[in-house]
Amino acid sequence: MKKLILAAASLAALALVGPASAQSPIVIKFSHVVAPNTPKGQGAEKFKELAEKYTNGKVKVEVYPNSQLYKDKEEVEALQLGAVQMLAPSLAKFGPLGVKEFEVFDLPYILPDKAALARVTKGKIGQDLFKKLEPKGIKGLAYWDNGFKIMTSNKPMIHVADFRGLKMRIQSSKVLEAEMRALGAIPQVLAFSEVYQAMQTGVVDGNENTPSNCYTQKMHEVQKYATISNHGYIGYAVIVNKKFWDGLPADIRSQLEKAMAEATDFANSISQKENDDAIAAMKKAGTTTFHDQTPEEKAEWIKAMQPVLDEMAPRVGKDLIAEFQKEANAKTN
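First, a word on scope: everything that follows refers to the structure included in this document. These figures come from a predicted structure and were not determined experimentally.

**Quick notes on the nonpolar core**
Inference 1: One finds F30, F47, V61, M86, W144, V238 and L256 to be the most contacted residues of the largest nonpolar core, which totals 45 residues.
Inference 2: Examining the composition of this core, we find that nine residues originate from one element, helix α11 (residues 250–285), more than from any other.
Inference 3: The residues touching V61, leaving out its near neighbours within four places in the chain, are I28, F30, F47, K48, A51 and E52.
Inference 4: Counting 41 residues, the second-largest nonpolar core is a separate cluster that includes V104, F105, Y143 and F324.

So this is what it looks like as structure tokens:
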């Protein structure tokens, strides 16, 4: 795979230095792993529309959804090597890259609501985290929302004891591994594009994800039960190859920043509706039984997963966790 990425990067470099007319557009390959009709997919299409509009065609954005170019584990390396210019990976992807602080977003029950999320991502914490990507050749442009996660499986998940022995798919994240172990489940790291088949064949019993991701990947066809737990959060960071971004003409970069700001507002505004609609559609399909947690059941889950914060403090940063919690739980005037 690395050889393929290197070959693609070499071709991309040749295209940049080869002869080109003044009319040749700057091409941005925007790769992602989810369906076009998810919040991220729609956000990418909105950015394409606005970027091409505001630059008067001087920039062409090519969007590649559904892991058409790269799977989860490959796409960040492809960006670093210049094979693609733009991604919107989930925040959990930066832990394996060496920027473990991003895994603070994976901690269970650390975000009480969307207002808390906005305070964190739009404030100092969000910008400081982006700065940590720059030594890796990556520049962070925006945080895109997906939403809070539900649990799905082929058996009911009401109490913590119900997770014992379940093989649960997770993204590659030490925090999520610890979370599943705290519940008594067996974490299974799988690429997003492989989850449906793994569920269908029994390689995994279930997963945690947002409703829109579950629905657009048709997971409800192969999962009998779901618990609306909102125990964790999935968000994305829109990132670009730093060398590519810094090399753009200042006026083009300014127009792209405007397009990204508007695409971000659009993507974040639709995420809640997309998740609500996904739950409604899965309920209508009738293949999955949904359970709404009672306050007592939620308290049981929180108690089971609370030790994950202490366990992950040396990895993520004790001070960062405390700062994150303070900002997330701050009262707005």
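Resuming the write-up.
**Topic: the side chain of D145**
Inference 1: Here D145 shows up in strand β4 (residues 138–148).
Inference 2: One polar contact links D145 to S271, side chain to side chain, over a distance of 2.8 Å.
Inference 3: Apart from the residues lying within four places of it in its own chain, the contact partners of D145 are P39, K114, L117, Y233, I234, N268 and S271.

**What to know about the packing of aromatic side chains**
Inference 1: Throughout the structure, instances matching the rule amount to eight aromatic pairs.
Inference 2: One aromatic cluster is present, formed by F105, F130, Y143 and F324 through successive ring pairs.
Inference 3: When the ring centre of F266 is taken as origin, the NZ or CZ atom of K46, which lies over that ring, is 4.9 Å away.
Inference 4: For K258, the ring lying beneath its charged end belongs to Y54, and the centroid distance is 4.3 Å.

**Topic: the sheet that holds strand β5 (residues 150–153)**
Inference 1: The strand order across the open sheet built from six strands is β7-β6-β8-β5-β9-β11, with neighbouring strands paired in mixed fashion. The sheet terminates laterally at β7 (186–189) and β11 (289–292), the two strands that pair on one side only. Averaged over all adjacent pairs, the angle separating strand axes in this sheet is 25°, with direction ignored.
Inference 2: Across four bridges, strand β6 (residues 167–170) lies against β7 in parallel orientation. In the strand pairing of β7, M168 is matched with P187.

**Details of the environment of F266**
Inference 1: With respect to the secondary-structure elements, F266 resides in helix α11.
Inference 2: With 139 residues separating them along the chain, F266 and Q127 place their C-alpha atoms 20 Å apart.
Inference 3: If we ignore the near neighbours within four places in the chain, the residues touching F266 are Q42, G43 and K46.

**Quick word on the packing of helix α13 (residues 307–316) against helix α14 (residues 318–328)**
Inference 1: Following both chains from N to C, one finds α13 and α14 inclined at 115°, their axes separated by 7 Å at the closest point. Across from L309, A313 and V316 in α13, the residues of α14 making contact are K318, L320, I321 and Q325.

**Observations concerning α13**
Inference 1: Among the residues of α13, V308, L309, M312, A313 and V316 are the ones counted as buried. Buried residues of α13, viewed axially, fall in a sector of 145°; they line one side. Relative to its buried face, α13 has exposed residues pointing more than 90 degrees away, namely D310 and P314.
Inference 2: Check the buried side of α13 and you find it contacts α7 (174–183), α12 (295–305) and α14.

**Description of the pattern of salt bridges**
Inference 1: Tallied over the entire structure, the rule returns 14 salt bridges.
Inference 2: Connected via shared salt-bridge partners are K124, D128 and K131.

**A short note on the sheet that holds strand β3 (residues 86–87)**
Inference 1: Here five strands make up an open sheet; going across it, the order is β2-β1-β3-β10-β4 and the pairing mixed. Two strands in the sheet have a free side with no partner beyond their single neighbour: β2 (59–64) and β4.
Inference 2: On top of the sheet, helix α5 (residues 114–121) reaches β4 and β10 (233–241); it is set at about 175° to β4, its chief contact.
Inference 3: The strands touched by helix α6 (residues 124–131) are β4 and β10; relative to β4, the strand with the most contacts, the crossing angle is about 130°.

So, how was this worked out
Residues numbered from 1 in each chain as written. Predicted model: local features only at pLDDT ≥ 70, side-chain atom pairs only at ≥ 80, totals over all residues. Heavy atoms only, no water. Core = buried A, V, L, I, M, F, W, Y, C linked by side-chain atoms within 4.5 Å. Buried < 20%, exposed > 50% of the residue type's maximum accessible area, 1.4 Å probe, protein only. Helix = DSSP H or I, 4+ residues; strand = E, 2+ residues; numbered from the N terminus. Contact = heavy atoms within 4.5 Å. Polar contact = N/O pair within 3.5 Å; in protein donor to acceptor, adjacent residues only side chain to side chain. Phe/Tyr/Trp six-rings, centres within 6.5 Å; stacked < 30°, edge-to-face > 60°. Lys NZ or Arg CZ within 6 Å of the ring centre and 35° of its normal. Pairing = 2+ DSSP bridges. Axes fitted to C-alpha atoms, helices over the stretch in contact; angles between N-to-C directions. Arc of directions from axis to C-beta. Salt bridge = Lys/Arg side-chain N within 4 Å of Asp/Glu carboxyl O.

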